[in-house]
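The primary structure of each chain is shown beneath.
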Amino acid sequence: MSDQEYTPKSKAGKWFNDRLPLLTLGSHLTDYPTPKNLNYWWTFGGILTFCLMTQIITGIVLAMHYVAHADLAFASVEHIMRNVNFGWLIRYIHSNGASMFFLAVYIHIFRSLFYGSYKSPREVIWIIGLLIYLLMMATAFMGYVLPWGQMSFWGATVITSLFSAIPLIGESITTWLWGAYSVDNPTLNRFFSLHYLFPFLISGLVILHIWALHVPGNNNPIGIDLKKPSKDTVPFHPYITIKDAFALLLFMIIFSGFVFFSPNVLGHSDNYIPANPLVTPAHIVPEWYLLPFYAILRSVPDKLGGVILMFGSIFILFILPWLDTSKVRSAVFRPMYRYFYWIFVIDVLLLGYMGAMPAEGIYLALARIGTIYYFLHFIVVLPVLGLFEKTDPVPMSISEPVLSSGGDPALAKKDYDKI
Amino acid sequence: MIRFNSKRLILVILSTLIFINPLFSAESIDPIKVNWSFKELTGKFDRASLQRGFQVYKEVCASCHSMQYLSYRNLGEPGGPEFTEEEVKAIAASVEIEDGPDSQGEMFTRTGKPSDKFKSPYPNVEASTAANGGAYPPDMSVLVKARPGGADYMYSVLMGYEEPPAGMKLDDGVYYNKYMIGQKIKMASPLAEGIVEYSDGTEATMDQMAKDVTTFLAWAAEPELEERHRVGFKVIIYLLLLTILVYLSMKKIWSRVDSEI
């Protein structure tokens, strides 16, 4: 990295820094050269860090009052809501916080898809990010089980039963996961334990994610390599910190809107009915952020096939850096990819919508089309596009929009305004 | 060349969703929309309506429906019916609570205290189900939050009892209610004109009672609602002011760089 050697000013600081270079790390983080043209889609990394910390802090407080027992869990949540000082606030921040976390992570992921941030040399950042996303989904799913309402119980039943689709050993694996012969008290207990553990694993991966980011540095809206530091970069502090703070505050206003004025709109009303193994809800639906995958799962008539496709839809993202054959990173200079990008966005939204609907008739048909297109996008569109697409000329640097093909600089300036 | 920009994208997505939405509307009847005082962003409960609603609950609902997560003291707390301390004590004292075991190992009964939970009409779910023709009368503590239509749905079901349409056969103990899912309900219409005599002199019409008891149930499910709205306003105003300050600081800091932000 291009950091200049850092020496603490005070003697004590120098003494400490020679033994553990925390101050050097701090200096690296504040001086970290960042592209000056980062737009607001780049503020979601900071927002996500805030979300993770919020979930951990509120979660630790909730765990002080929550009882992980099939007979007591529902009542303990009501106890938090009614008797714990500001318990309602802490729980609503935690439950809505999960949704806000996913909202932010989806924007973060789709930003990466648009600007090609997953491409060389940032593949490892991308893969660590996907691991974080997988752990987030597991954590959120197990957290949703903890209130032990109807959706908790039946959601847990549906998702854990997926493992029974594995040939030969499926049934044994499911029983092992449950710790019983159905979703029951042992299941609740282990879900609570893992729900408490996973956020700390996520924290560790977040550190690796940022570490891996600081090796090549940030991608940027025009997706070109920058000299660092240079006229194209600004120090992370105060330029990026203040911009992240501004975006975070806007995010917190929306977050507060949910927490204070419609705290249950993102949840399912059935989860205020205590879990009852004898009564199946009319429609079992997961939380909104898992719906696209739920739609893919149900669009396959065969159970094992559905499970494979659902996991495949996430694992295909891991090889995305090698599926996308285009040398140009940013969609700003890829006219064809831009179209396919938005079609893909709409496809995922459509799948999400179908996931919330009963799997029959037109919903099922649309879900199947959506599923097929989802995979086509990665397996066909991206590899082929890189070979045939005629990309727009890419500028040499941020400050000097000189076109590599010697085009009109005024035109290049116009391109900038679109970014 | 057509360039996509974010505005156009949002338009496309919204119009797509609006277009496909009617294809998916479910066949259930929408509940009656009521203009509840607690619905708006600054919404508060109508204190008198909450007190009347409690009376309807106590005299009508409570004979079958439990409300196990509430305590009598909640009735006197701010943001609720706000009965006086004496009234709360009197309400609690009107029930006999089983307590114990005492130092001899015996269970005993005593009069209720404000700290007691609402006394349930049946000892357990099974007893409750058996006594009600095989249909468990759900606990009412969070009932409003446990139904998709919330308070509107509660009110609609209370008002939705009708003669079944010609040709529809109903078993004994099953009633027709157009707002219930499947239009069948195992609870007879709980309300009838004048079934309650309001202590504040309000005329006990069906509509009045349905509104009052629904208001009471909405409070029972969300006793924090008024405080939540109040704190929410303070938080959002604080965040807005801070956002403006941070925005101005950001402009100032970035003015040193030749880039637009």
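Just so you know, these numbers come straight off a predicted model, no measurement behind them. Along every chain, residues carry numbers that run from 1 in the direction the sequence is written. Note on labels: chains are lettered from A, ligands numbered from 1, in written order. Under the rules for a predicted model, residues below a pLDDT of 70 receive no local features and side-chain atom pairs below 80 are neither given nor counted, while totals for whole chains, interfaces and linings still include all residues. Hydrogens and waters are ignored; side-chain quantities use all the structure's heavy atoms.

## Let's talk about the overall build of chain B
Spelled out, the test is: Put simply, DSSP H or I for four residues or longer makes a helix, DSSP E for two residues or longer makes a strand, and each gets a number counted from the N terminus. A 1.4 Å probe rolled over the protein chains alone gives each residue an accessible area, and that area as a share of the maximum for its type sets the label: buried under 20%, exposed over 50%, partly exposed in between. Note on contacts: a residue pair is in contact if any heavy atoms of the two residues lie within 4.5 Å. Only the protein chains shown count as cover for residues, and the accessible areas themselves come from Shrake-Rupley with a 1.4 Å probe.
A count of helical and extended segments in chain B gives seven helices and four strands. Each helix (α) and strand (β) of chain B, taken in turn from the N terminus, gives the series α-α-α-β-β-α-α-β-β-α-α. When each of the 261 residues of chain B is scored for burial, the buried share is 39%. For chain B, the share of sequence-separated contacts (at least 6 apart) that also reach a separation of at least 24 residues comes to 59%. Carbon and sulfur atoms make up 57% of the accessible area of chain B, which amounts to about 14900 Å² in all.

## Describing the overall build of chain A
The test is simple: The atom set for the radius of gyration is the C-alpha atoms, and the globule formula is 2.2 Å times the number of residues raised to the power 0.38.
If you tally the helices and strands in chain A, you get 16 helices and two strands. By the compact-globule yardstick of 22 Å for 419 residues, chain A fits well, its C-alpha radius of gyration being 24 Å. Projected onto the principal axes, the alpha-carbon positions of chain A cover approximately 70 × 60 × 45 Å. Here chain A holds 419 residues, and 54% of them are scored as buried. Considering only residue pairs separated by 6 or more positions, chain A has 78% of its internal contacts joining residues 24 or more positions apart.

## A closer look at the interface of chain B and chain A
Note the threshold: In short, buried area is how much 1.4 Å probe accessible area vanishes from two parts on joining, totalled over both. Throughout this description, the term salt bridge denotes a Lys or Arg side-chain nitrogen within 4 Å of a carboxyl oxygen of Asp or Glu. Polar contacts here mean pairs of N or O atoms no more than 3.5 Å apart (in protein, one a potential hydrogen donor and the other a potential acceptor; neighbouring residues in sequence count only if both atoms are side-chain atoms).
Counting residues at the interface gives 50 residues for chain B and 52 residues for chain A. Counting the surface lost from both chain B and chain A, the interface buries some 4700 Å², and carbon and sulfur atoms represent 72% of this. Along the contact surface separating chain B from chain A lie zero salt bridges. Our count for the chain B to chain A interface comes out at eight residue pairs in polar contact (both at pLDDT 80 or more). Breaking the side of chain B that touches chain A down by element, the ones donating at least two residues are helix H1 (6-20), helix H6 (206-221) and helix H7 (225-254) of chain B.

## Topic: the environment of B:Glu197
All names here are of chain B. Among the structural elements, Glu-197 can be located in the loop between strand S4 (184-185) and H6. For Glu-197, a relative accessible area of 72% corresponds to the exposed category. Measuring from C-alpha to C-alpha, the distance between Glu-197 and Gln-55 comes to 9.0 Å, with 142 residues separating the pair along the chain. In this structure Glu-197 touches Gln-55 and Glu-59, once residues within four positions along its chain are discounted.

## Let's talk about the confidence of the model for chain A
One rule of thumb: low pLDDT means the predicted coordinates there are not for detailed reading. Short version of the rule: Scored from 0 to 100, pLDDT records how confident the predictor is in each individual residue.
Overall, the predicted model of chain A reaches an average pLDDT of 93, with 94% of residues at or above 70. The low-confidence segment residues 402-414 of chain A (pLDDT under 50) makes 11 contacts with residues lying over four places distant or belonging to another chain.

## A word on the packing of helix H5 (residues 150-159) of chain B against H6(B)
Residues and elements named next belong to chain B. So the rule is basically this: Axes here refer to lines fitted to C-alpha atoms; in helices the fit is confined to the stretch in contact. Angles between the N-to-C directions go from 0 to 180 degrees. The handedness criterion is simple: a crossing whose near helix is rotated anticlockwise from the far helix by less than a right angle is left-handed, and one whose near helix is rotated clockwise is right-handed. Residues are grouped as follows: Ala, Val, Leu, Ile, Met, Phe, Trp, Tyr, Cys and Pro are nonpolar; Asp, Glu, Lys and Arg are charged; every other residue, Gly included, is polar.
It is the contact of H5 with H6, at a shortest axis distance of 9 Å, that shows an interaxial angle of 145°. Here the hand of the crossing between H5 and H6 comes out right-handed. Listed contacts from H6 to Ala-151, Met-154, Tyr-155, Leu-158 and Met-159 of H5 are Met-206, Asp-207, Ala-210, Lys-211, Val-213, Thr-214 and Leu-217. When its residues are assigned to classes, the contact of H5 with H6 shows nine nonpolar, one polar and two charged.

## Description of the nonpolar core
So the rule is basically this: Among buried residues, the Ala, Val, Leu, Ile, Met, Phe, Trp, Tyr and Cys ones that are joined through side-chain atoms within 4.5 Å form a nonpolar core.
If you look at the biggest cluster of nonpolar residues, it comprises 136 residues, and the most contacted ones within it are A:Phe102, A:Leu113, A:Tyr374, A:Phe378 and B:Trp254. Residue contributions to this core peak at 16 residues, all from helix H5 (residues 87-115) of chain A.

## Re H5(B)
Most of H5(B) sits inside the fold, with nine of its 10 residues counted as buried. If you check which residues of H5(B) are buried, you get B:Gly150, B:Ala151, B:Asp152, B:Tyr153, B:Met154, B:Tyr155, B:Ser156, B:Val157 and B:Leu158.

## A short note on the packing of helix H3 (residues 44-63) of chain A against helix H10 (residues 236-261) of chain A
Residues and elements named next belong to chain A. What counts is decided by this rule: Oblique is the label for any angle not covered by the other classes, which are roughly parallel (under 35 degrees), roughly antiparallel (over 145) and roughly perpendicular (65 to 115).
Direction vectors running N to C along H3 and H10 enclose 55°, while the axes themselves pass 9 Å from each other. It follows from the interaxial angle that H3 and H10 lie oblique. Handedness of the crossing formed by H3 with H10: right-handed. Of the residues in H10, those in contact with Phe-44, Gly-46, Ile-47, Phe-50 and Cys-51 of H3 are Asp-244, Ala-247, Leu-248, Phe-251, Met-252 and Phe-255.

## Section: unusual backbone geometry
Backbone geometry follows two general trends: most residues other than glycine have a negative phi, and most peptide bonds adopt the trans configuration. Residues and elements named next belong to chain A. Cis geometry marks the peptide bond from Ser-120 to Pro-121; its omega dihedral reads 5°. Here Pro-121 is to be found in the loop between H5 and helix H6 (123-145). A cis amide bond links Lys-228 with the next residue in sequence, Pro-229, at an omega value of -15°. Within the secondary structure, Pro-229 is located in the loop between helix H9 (185-214) and strand S2 (233-235).

## Section: the pattern of salt bridges
This model, assessed by the stated rule, comprises 18 salt bridges over all chains. Ionic pairing is found between B:Asp99 and B:Arg110, a salt bridge with its closest N-O pair at 2.7 Å. Placement of the pair is B:Asp99 in strand S1 (residues 96-99) and B:Arg110 in strand S2 (residues 108-111), with a sequence separation of 11 residues. Taking the relative accessible area as the measure of exposure, B:Asp99 reaches 27% and is therefore partly exposed. For B:Arg110, a relative accessible area of 18% corresponds to the buried category. Where B:Arg228 meets B:Glu224, a salt bridge forms, and the shortest distance between an N and an O atom there is 2.9 Å. B:Arg228 sits in the buried class, given a relative accessible area of 2%. A single salt-bridge network, built from bridges that share partners, covers A:Lys119, A:Asp324, A:Arg334 and A:Glu389.

## Let's talk about the side chain of A:Arg111
Residues and elements named next belong to chain A. For clarity, the cut-off: When charges are counted, Lys and Arg contribute as positive and Asp and Glu as negative, whereas His and the chain ends are disregarded.
Among the structural elements, Arg-111 can be located in helix H5. Comment: no salt bridge for buried Arg-111; closest opposite-charge side chain is Asp-244, at 9.6 Å. Apart from the residues within four sequence positions on either side, Arg-111 is in contact with Trp-41, Trp-42, Ser-117 and Tyr-341.

## A short note on the packing of aromatic side chains
Worth spelling out the cut-off: Two rings from Phe, Tyr or Trp (for Trp, the six-membered ring) form a pair when their centres sit within 6.5 Å of each other. Planes less than 30 degrees apart are called stacked, planes more than 60 degrees apart edge-to-face, and all others tilted. Two conditions define a charge located above a ring, namely a distance within 6 Å from the ring centre to NZ of Lys or CZ of Arg, and an angle within 35 degrees of the ring normal.
Summed over all chains, the structure comprises 45 aromatic pairs over all chains. Relative to A:Phe200, the ring of A:Tyr196 has its centre 6.1 Å away and its plane inclined at 25°; by these criteria the two rings are stacked. Placement of both A:Tyr196 and A:Phe200 in helix H9 is noted, with a separation of four residues, approximately one turn of the helix. Residue A:Tyr196 is classed as partly exposed on the basis of its relative accessible area, which comes to 35%. Connected via pairs of aromatic rings, a cluster forms that spans A:Trp42, A:Phe110, A:Phe114, A:Tyr115, A:Tyr337, A:Tyr341, A:Trp342, A:Phe344, A:Tyr374, A:Phe375 and A:Phe378. One Lys or Arg, A:Lys243, reaches over the ring of B:Trp254 and ends 5.5 Å from the middle of that ring.

## A short note on the environment of A:Tyr133
Residue and element names in this part refer to chain A. Within the secondary structure, Tyr-133 sits in helix H6. The class for Tyr-133 is buried, based on a relative accessible area of 2%. The spatial distance from the C-alpha of Tyr-133 to the C-alpha of Ile-314 is 9.6 Å, given a sequence separation of 181 residues. Among the polar contacts listed, one links the side chain of Tyr-133 to the side chain of Tyr-106, at a separation of 2.8 Å.

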